[in-house]
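Per-entry structural report
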Amino acid sequence: MMRQIVTETVLGYIFWSLFQGLGPMIWFYPLNELEISGYEAFCLLWLSPIIAFFGTIFNLIQSKLGLACLRVGMLLCIGSFQAPSTLSRLEVLAVGNGLAMLVLVSTLWSKSQQQRM
């Protein structure tokens, strides 16, 4: 029980760190370094759950291996602040947000009631 609480706390922290980091990264850095040139399109990654409507992709993210890969990808994308340039930071953070949204979809529509809680 305690392990599940710690795991969900860490995963929640990672999710919200990625989710809250993309907005400021899109609007703050382009104004200072990248200039305004369409980087707002990275917000479309928040709509990545749309691809989960396809049956094979949904079954893939519902599997234990698929969910584990998504979570590991989220964890790696937290390190976006270590990227050498502002653009690469933005790209890594955006990919992390896309993965986080897929994990959210997988969790909300899971067949296991324990997973949804």
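Criteria and cut-off values
Residues numbered from 1 in each chain as written. Predicted model: local features only at pLDDT ≥ 70, side-chain atom pairs only at ≥ 80, totals over all residues. Heavy atoms only, no water. Helix = DSSP H or I, 4+ residues; strand = E, 2+ residues; numbered from the N terminus. Buried < 20%, exposed > 50% of the residue type's maximum accessible area, 1.4 Å probe, protein only. Contact = heavy atoms within 4.5 Å. Areas by Shrake-Rupley, 256 points an atom, 1.4 Å probe, with all protein chains shown as cover. Core = buried A, V, L, I, M, F, W, Y, C linked by side-chain atoms within 4.5 Å. Axes fitted to C-alpha atoms, helices over the stretch in contact; angles between N-to-C directions. Parallel < 35°, antiparallel > 145°, perpendicular 65-115°, else oblique. Nonpolar A, V, L, I, M, F, W, Y, C, P; charged D, E, K, R; others polar. Left-handed = near helix turned anticlockwise from the far one by under 90°.

Looking at the overall build of the chain
Each helix and strand in the chain was counted, giving 6 helices and 0 strands. Listed N to C, the secondary structure of the chain is α-α-α-α-α-α in terms of helices and strands. Among the 117 residues that make up the chain, the fraction classed as buried is 34%. By sequence separation, contacts in the chain at least 24 residues apart represent 72% of the contacts at least 6 residues apart. Accessible surface for the chain amounts to roughly 7,700 Å². Of this, 71% is attributable to carbon and sulfur atoms.

Describing the environment of lysine 111
Tracing the backbone through its elements, the reader meets lysine 111 in the loop between α5 (86-108) and α6 (113-116). It is 8.5 Å that separates the C-alpha atoms of lysine 111 and glutamine 62, two residues lying 49 residues apart in sequence.

So, the environment of valine 103
Locating valine 103 in the fold gives a position in helix α5. Taking the C-alpha atoms as reference points, valine 103 and leucine 11, 92 residues apart in sequence, are found 9.9 Å from one another. Aside from chain neighbours lying at most four places away, what touches valine 103 is Leu67, Leu70, Arg71 and Met74.

Concerning the nonpolar core
In terms of nonpolar packing, the biggest core is built from 22 residues, with Leu18, Leu22, Leu70 and Met74 touching the most fellow members. Breaking this core down by element, the ones donating at least two residues are α1 (2-27), α4 (64-77) and α5. With 9 residues, α5 is the single largest residue contributor to this core. Ignoring sequence-local partners within four residues, the contact set of leucine 70 consists of Ile61, Leu99, Leu102 and Val103.

Focus: the packing of helix α3 (residues 55-62) against α4
Look at α3 against α4: their axes get within 4 Å of each other, and the N-to-C directions meet at 80°. Regarding the angle of α3 to α4, the classification is roughly perpendicular. Each of Leu60, Ile61 and Gln62 in α3 lies in contact with α4, whose residues at this interface are Lys64, Gly66, Leu67 and Leu70. In terms of residue class, the contact of α3 with α4 is made up of 4 nonpolar, 2 polar and 1 charged.

Some words on the packing of α4 against α5
With their axes 9 Å apart at the nearest point, α4 and α5 run at an angle of 145° to one another. Here α4 and α5 pass one another in a crossing that is left-handed. Residues Leu67, Leu70, Arg71, Gly73, Met74 and Cys77 of α4 lie in contact with α5, whose contacting residues are Val92, Val95, Gly96, Leu99, Ala100, Leu102, Val103, Ser106 and Thr107. Residue classes in the contact of α4 with α5 are distributed as 10 nonpolar, 4 polar and 1 charged.

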